[in-house]
Structures are given as structure tokens and as C-alpha cells.
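Structure assessment
If you want the building blocks of each chain, they are given just below.
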Amino acid sequence: MKLLIPAVAAAALVAIAGCDRPASTTTTVVKEPTPPASTTVVQPPAPTPPPTVTVEASKPAETSTTTSTKTQIDTPAGTATKRETTTTTTK
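Quick caveat: nothing in here was measured; it's all calculated off a predicted structure. (Residues numbered from 1 in each chain as written. Predicted model: local features only at pLDDT ≥ 70, side-chain atom pairs only at ≥ 80, totals over all residues. Heavy atoms only, no water.)

On to the overall build of the protein chain, then. Secondary structure assignment for the protein chain yields one helix and two strands. Looking at the 91 residues of the protein chain, the share that counts as buried comes to 0%. Pairs at least 24 apart in sequence give 26% of the contacts found in the protein chain among residues at least 6 apart. Put simply, the protein chain shows about 9500 Å² of open surface, and 61% of that area lies on carbon and sulfur atoms. (Helix = DSSP H or I, 4+ residues; strand = E, 2+ residues; numbered from the N terminus. Buried < 20%, exposed > 50% of the residue type's maximum accessible area, 1.4 Å probe, protein only. Contact = heavy atoms within 4.5 Å. Areas by Shrake-Rupley, 256 points an atom, 1.4 Å probe, with all protein chains shown as cover.)

Right, here's the structure in full:
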């Protein structure tokens, strides 16, 4: 038993030492894919319909006619004056 303990201890040291130094070293570099550049699509505004314009026919001008009459009558008391004004408006 005295020989077994030092032999197991030596074997354990050799196993631990073997784990610390690998036989070959390889390095793997993993590159993440880069996202594609963002693309912005600009839609032109929809054409607006032309404004609707309603033109009304011009109305005939109003005409206005004024007629004035003055009538004098001789009476025994003197002269009497009668004035009459007539205004006619046509649309």
C-alpha cells in the first residue's frame, strides 16, 4: 500500500500536466455576417387632381331709368306746380 499511494499520485500529476498542454493548438475565428445596408424607398406623392372651378354666367347689368315731369297750372290764386318723378329699374 505504501507503493500504491505514490504511484497513483505520480499518475495523477502526469494526467494533470497532459491536460495543461495540448498537443496542437488551433484557433477558429468566427465572423458574424454583416447586415445589408438599409435601403430607403421614397415614393413620389400621388398627383392631385386639378381644382374644379365653376364660372357662373355674368348677370346682365341693372338698368335704371328716371323720368321727371313738371306741370304748372295757372289758378285764380296763383300758379300751382306739380312735380312727378318715376324710376324704373330693369334687372
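By the element assignment, K82 lies in strand β2 (residues 78-90). Those residues in contact with K82, other than ones at most four positions away along the chain, are T69, K70 and T71.

What follows concerns the environment of Q72. Take Q72: it is sitting in strand β1 (residues 63-75). With a relative accessible area of 53%, Q72 lands in the exposed category. Distance from Q72 to K82, taken between C-alpha atoms, is 6.2 Å for residues ten residues apart in sequence.

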